[in-house]
Amino acid sequence: MKSITIIKPDDWHLHLRDGDLLKAVIFSSSNHFQRALVMPNLSPPITTVKMAEEYKNRICITNRTVLEKIRPENIDALLSFKPYMTLYLNSEMSSQELKRVSESPDVLAVKFYPAGATTNSTFGVSEFESYYRVFEQMEKLDIVLCVHGESINPEVDVFDREARFIEESFEPMTRRFPNLRVVFEHISTSDAVNFVKDQNENVVASVTPQHLAYNRNNLLAGKLRPHKYCAPLLKKEVDRSSLVHAVTADSNEKFFLGTDSAPHLIGEKESSCGCAGCFSAPYALAKYAEVFSAESKLENLEKFASLNGAKFYGLPVNKEKINLVQKNNIPTDFFMTEKGEKIVSFVHGEALDWQVVN
Ligand code: NCD
Ligand code: ZN
């Protein structure tokens, strides 16, 4: 039986939602991760430092309330979970607000969503170029830009949207702002891997467990599996394998863990018009370990999960550790809100090969 102990990981791309849903999912993250970068796509979106600080407080209070109930014996260790916040880039983003971001210990980045590309993104603006004024200032203030990189031109095939965004928007932008620090979020194609590798050290990428563990056949072949439906879509096997090689390589410094765990209630997923988003937090580490183990590269998991992201965001390395063992196990069927509404994880119906033991 294989096992591994690594520095406790951070999740650099996480949707925690709010209210009842936040309460139902927070433990899945605070149980396995030391820190997380929380996405701002609430409705209405988080657009100011003040809103971000209030949201952060709600997350911390909810985490405490949940832990008091389900893990009172371990509360001190788990309370150390630290959420960092992001602001939703929009055309009203002022210079003063960006200044506040640069001075805030809580807000680590500004997130760009192309309008309508994904859940709660109607607020975004379609043209990346319209933000050049903001990018110029972010570059000066050294504020990190997180990018959902997909073209939203309706004529572009959904499977080609990431590649088109790179060509039409990303490449010209990084050429213009070489000192802007950018995270290409949840990359899904070999085009994105190559783009990130070709750029200077200011351009890095987060990678989800679903894009490493599955290809589009796992989503679509034979039967439709809505709990594996996310934006960007799962791609071909050549893309998955390119991502796996990039993250497991000895020189994997530009790639780090970001689950993009994006919970939705079961009715929003098993629906005639379902939402994009995989609820991955509870089994993300197990899936990452499975991927690294299958490549015989477990020794590089710690860099990807616990070191590369912290380094990019200029934060210290965590002190705590976490253990994983290779052991066949069956994941929990459903997570529940207090009202009894179900949330289904992305591994639903599958056995897992790895397990976190803490
Ligand atoms: C995310 C969500 O549900 O908030 N969905 C997703 O498919 N990844 C939004 C996002 O990150 O695109
Ligand atoms: Zn996301």
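The preceding data block contains the structure.
The text that follows walks through the structure, step by step, so that each part is easy to find. All of these numbers come straight from a predicted model, not from anything done at the bench. (Residues numbered from 1 in each chain as written. Chains lettered and ligands numbered in written order. Predicted model: local features only at pLDDT ≥ 70, side-chain atom pairs only at ≥ 80, totals over all residues. Heavy atoms only, no water.)

On to the pattern of salt bridges, then. For the coordinates displayed, the defined rule picks out 20 salt bridges. Between glutamate 338 and lysine 23 there is a salt bridge whose closest N-O contact spans 3.1 Å. Of this pair, glutamate 338 sits in the loop between β11 (335-336) and β12 (342-343) while lysine 23 sits in helix α1 (residues 19-30), placing them 315 residues apart in sequence. A salt bridge links arginine 100 to glutamate 97, with the nearest nitrogen and oxygen atoms 3.0 Å apart. Highlighted residues: arginine 100 and glutamate 97, both in helix α4 (residues 95-103), separated by three residues, approximately one helical turn. On the accessibility criterion, arginine 100 (41% relative accessible area) is partly exposed. A single salt-bridge network, built from bridges that share partners, covers Lys228, Lys287, Glu290 and Glu350. (Salt bridge = Lys/Arg side-chain N within 4 Å of Asp/Glu carboxyl O. Helix = DSSP H or I, 4+ residues; strand = E, 2+ residues; numbered from the N terminus. Buried < 20%, exposed > 50% of the residue type's maximum accessible area, 1.4 Å probe, protein only.)

Relative to each other, α4 and helix α5 (residues 132-141) sit at 30°, their axes nearing to 10 Å. The orientation of α4 with respect to α5, classified from their angle, is roughly parallel. Where α4 crosses over α5, the handedness of that crossing is right-handed. Between α4 and α5, the contacting residues are Ser95, Leu98, Lys99 and Ser102 on the first element and Val134, Gln137, Met138 and Leu141 on the second. Of the residues contributing to the contact of α4 with α5, the split by class is four nonpolar, three polar and one charged. (Axes fitted to C-alpha atoms, helices over the stretch in contact; angles between N-to-C directions. Parallel < 35°, antiparallel > 145°, perpendicular 65-115°, else oblique. Left-handed = near helix turned anticlockwise from the far one by under 90°. Contact = heavy atoms within 4.5 Å. Nonpolar A, V, L, I, M, F, W, Y, C, P; charged D, E, K, R; others polar.)

Attention shifts here to the layout of surface pockets. When its volume is computed, the largest pocket comes out at roughly 610 Å³. Lining of the largest pocket is provided by 26 residues; of these, Ala24, Phe27, Ser28, Ile70 and Phe335 occupy positions nearest its centre. (1 Å grid on protein atoms, 1.4 Å probe; cavity = no way out; pocket = protein on both sides within 12 Å on 5 of 7 lines; lining within 4 Å. Points joined across faces, edges and corners; volume = space filled by probe spheres on them.)

Further remarks concern the sheet that holds strand β1 (residues 3-7). Spatially, three strands are ordered β1-β10-β13 in an open sheet, and the strand pairing comes out antiparallel. Of all the strands in the sheet, the pair left with one neighbour each is β1 and β13 (352-357). Across this sheet, the average inter-strand angle for adjacent strands is 30°, counted without regard to direction. Taken together, the five bridges between β1 and strand β10 (residues 321-329) define a ladder with antiparallel strand orientation. (Pairing = 2+ DSSP bridges.)

With distances of 2.0 Å, the protein atoms coordinating the zinc ion (ligand 2) are His13 (NE2), His15 (NE2) and Asp260 (OD). Classification of the site at the zinc ion (ligand 2) as irregular follows from its four donor atoms and the range of 92 to 139° in their angles at the metal. Taken in sequence order, the residues that donate to the zinc ion (ligand 2) follow the motif H-x1-H-x244-D. Of this pair, histidine 15 sits in the loop between β2 (10-14) and α1 while aspartate 260 sits in the loop between β9 (255-257) and α11 (266-269), and the two are 245 residues apart along the sequence. The same class applies to histidine 15 and to aspartate 260, which are both buried. (Donors = N, O, S within 2.8 Å, 3.2 Å for Na, K, Ca; no water. Tetrahedral: all angles 85-135°; square planar, octahedral: opposite > 155°, others 65-115°.)

With that settled, the discussion passes to helix α7 (residues 190-198). An α-helical segment advances 3.6 residues per turn. Residues three or four places apart therefore align on the same side. If you check which residues of α7 are buried, you get Ala192, Val193, Phe195 and Val196. For α7, the angular spread of buried residues about the axis comes to 165°, placing them on one side. The secondary structure elements touched by the buried residues of α7 are α6 (161-176), β7 (182-184), β8 (203-207), α10 (237-248) and β9. (Arc of directions from axis to C-beta.)

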